[in-house]
Amino acid sequence: MSYIDREDEGLVSRLMGSRVTRRDLLKSAGLIGAGAALAPGLAACGGGTETAETPGGGAGSPVTGGRLRIGVIGGSERDVVDPMVGMTQPDNLRGRQVFERLFQHDHDFKVQPALALSAEPNAKADVWTVKLRPDVTWHNGKSFTSDDVVYTFKKITDPKFPNVAAESFEDLDRNRIKAIDDLTVEFVLKQPNADFVNSLAFIHAVVHPEGYDAKNPVGTGPFTYGQFTPGDRSIFPGFKDYWGVGPYVDEVETIDFVDVTAMVNALQGGELDAASNLPATQVTLVEQAGFKTVTSETGKWNYIFWDTQIKPWSDVRVRQAMRLIMDRQQMVDLALEGFGRVGNDMWGIVDPAYPFDTPQRTQDIEQAKSLLKQAGYTDLSFELLTAEVETGHVEAAQIFAEQAKQAGVTVTVKKIDVGVLWGDKYLTWPNGPGWYSANTYLSACRFVKSWNEPHWQEPGYWERIDEAFATVDEAKRTEIMHESWAVDYDIGPWDVWSWVNQVDAYTEQVKGTAPDMSGIPFNAGFVNEMWLA
C-alpha cells in the first residue's frame, strides 16, 4: 500500500502524557464555562448557497492582492497559532495558515500528500518509509528536511511535552525515528498500523522546524506569522515562496468574536469579508441581505451514550429499544432546524469504506415496546442527562423524551453545565450527550476508546479494531471494519442521531470557497485557495 502524490506549553499543562480527556482539553484551554467553540457549528441550505455540486464561490481566474478578513466565533487570551497545542476553532483556522502536516485531507476527506510525497509500509505495517517533498522552504528561508520531521515527532511523543497530537502517535517508537537522507524518514511503530498515514494527516500533527521557537512561530504554510493579539485578531502576510496553491491575497486577517450576532453585524457593516459557522437562526438573515453562503456536509457526529456497565443499559435489549424510540429525522428537523443529516448509529462517514448500504434505522415504537417487555422494563423511567456541548443537544434530549412517551417510557431530562458534564465526574455518568469531529473510522476509534463514556467492553470489540489496524491488505481491513461497524449498528452504546452540517457566509467579492467535510470553516482553513475579486 502506498500513498503517492494522489506556544505556549502552559496552555495545555494538564495534557501530560499521551492520554487526553475531554476535561483536560477544555480546562487547559480555559473553555469550561467559557462558551468557546471547539468544533464546527451548523450549516445552511437554500438560496445563495454553494453546495458540493457547485463549488468555487464564483467563476473566473484567481485575482491577487488585498486583505481577506474572516470572522470566527470563540477565542480568548489563551489563543495560540500552533495547532500542536491549539484546540479552538480560531486556533485551527490560524494554524492552517502558518503550519502544514506531512499529509492532509482534501475537501472530500481523502488523504493527499502535503510536506510528504509518499508513505510506504513494510509487510507488517510496523515500519513506514516517508519520502518528503523537495524544494520546500521555511518562512525563515531555511530548507525543509528530514531533520525537521524527526525533531517534530520526537517532540510530539515526548511525555514531558503536553500536546494534542500525542494520542494519535501512541504506537510510534520515538527512539527509532530516523532520517535516512535529507528527504527520507523512517518511522518504527511499537505495533502494526496500516492506517498510519491518517495519523500523519491529523490536524494537530503539524511539522515544526528543528529548534522551533514558540515565541516566533515559523512554518511552511501559505501565510507567515505577523501581528497576533490573542482573543482579538491576527494579520498574517502571504508567503511568496509557498510551494503550493496561492496564496492569492496579500494577507489574511482572522478576527475573534464572542457571539454570532456581533460577527454577523460586522459582516453586514462591511468590517468582514467572511463569517464562519453561522447558526441556523442567522442563515436566512444573511442570505436576504445579499450575502452568499457555502454549505458543508461534515463528518461531525452527535450521539447519546448509555453506560453498559449499569442497569438498565447493561441489557442490550434496552439499548436497542432506545434506538427504536428515536425519530432521528424529527430530531434533526427540530433540534438542528434541518441543518444536518440523520445518523445511523455508526461513525466514520468520511471513511471510504463506510457501509452506506446499511439500512437506515427508523422509529419502531412497537418493536421498542416488545424489547422492553422482554427485558422486564414495561414501565421504564429514567433521568437523561444533557448539556449544551454543541448546538441542538439539549433540544434533542427534550425531543427524545417526548418520543419515548409513545413507548410508555418516562424520561426526565436533566440539563447540567458543560463544565460539570466534562468535569471531575466525567466518565461516571449513566448517560449523556456527545459529539466527535470528522475522522476516518479507525482514527476515530482511538479517541472513542480513550474517552469510553459508555464503558464499552464487548468481548472481542477492541481486539477487532487492533486487528484492523494491523491488516495491510485493504480489502481484508475493510472486511474487518465492516464487522465492527455491524456491531456498532446492532448493539453499540453510542446512539448516533445526526451528522452536522456547517455554513460559512461571505460577500460577493470573495471567490474560491468550497464545501468541505472536515468541519473546519472556509475550505478547512485553506484560505490560500480564496481570493477577492
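Placed above this text is the structure.
Predicted model, so just to flag it, every value in this text is computed and none were measured. (Residues numbered from 1 in each chain as written. Predicted model: local features only at pLDDT ≥ 70, side-chain atom pairs only at ≥ 80, totals over all residues. Heavy atoms only, no water.)

1. As for unusual backbone geometry
If a residue is not glycine, its phi is most likely negative; likewise, a peptide bond is most likely trans. Of note, the amide linkage connecting Gly 246 to Pro 247 takes the cis form, showing an omega dihedral of 0 degrees. With respect to the element layout, Pro 247 can be found in the loop between β11 (233-237) and β12 (251-257). At the junction of Lys 311 and Pro 312, the peptide bond is cis and its omega measures out at 5 degrees in the coordinates. Positive phi is not limited to glycine here, since Glu 337 has a value of about 55 degrees. Within the secondary structure, Glu 337 sits in the loop between α8 (328-335) and β15 (340-342). Judged by its relative accessible area of 44%, Glu 337 falls in the partly exposed class. Even without a glycine there, the phi angle at Phe 522 is positive, about 50 degrees. Note that Phe 522 resides in helix α15 (residues 521-524). Looking at Phe 522, the relative accessible area reads 1%, which means it is buried. (Helix = DSSP H or I, 4+ residues; strand = E, 2+ residues; numbered from the N terminus. Buried < 20%, exposed > 50% of the residue type's maximum accessible area, 1.4 Å probe, protein only.)

2. Topic: the pairing of β11
Relative to β11, strand β10 (residues 227-229) runs antiparallel, the two sharing three bridges. Among the inter-strand pairings, Phe 228 is bridged to a residue of β11, identified as Ser 234. In textbook terms, the turn of a hairpin is the stretch between consecutive antiparallel strands, and for β10 and β11 this stretch comprises three residues, one of which, Gly 231, has a positive phi near 85 degrees. Across five bridges, β11 lies against β12 in antiparallel orientation. Residue pairing across strands places Pro 237 opposite Glu 251, the latter belonging to β12. (Pairing = 2+ DSSP bridges.)

3. Here we look at the nonpolar core
Across soluble globular proteins, nonpolar side chains have a tendency to be buried as a group. Ranked by internal contacts, the top residues of the largest apolar core, which has 107 residues, are Leu 102, Phe 153 and Phe 187. With six residues, the single largest contributor to this core is helix α12 (residues 441-450). In this structure, Leu 336, Leu 371, Leu 372 and Val 409 belong to the second largest nonpolar core, which totals 30 residues. (Core = buried A, V, L, I, M, F, W, Y, C linked by side-chain atoms within 4.5 Å.)

4. Some points on the environment of Pro 493
Along the chain, the position of Pro 493 falls in the loop between α14 (474-491) and β19 (494-506). Given a relative accessible area of 0%, Pro 493 falls into the buried group. Put simply, Pro 493 and Arg 323 are 170 residues apart on the chain and 9.6 Å apart in space, counted from C-alpha to C-alpha.

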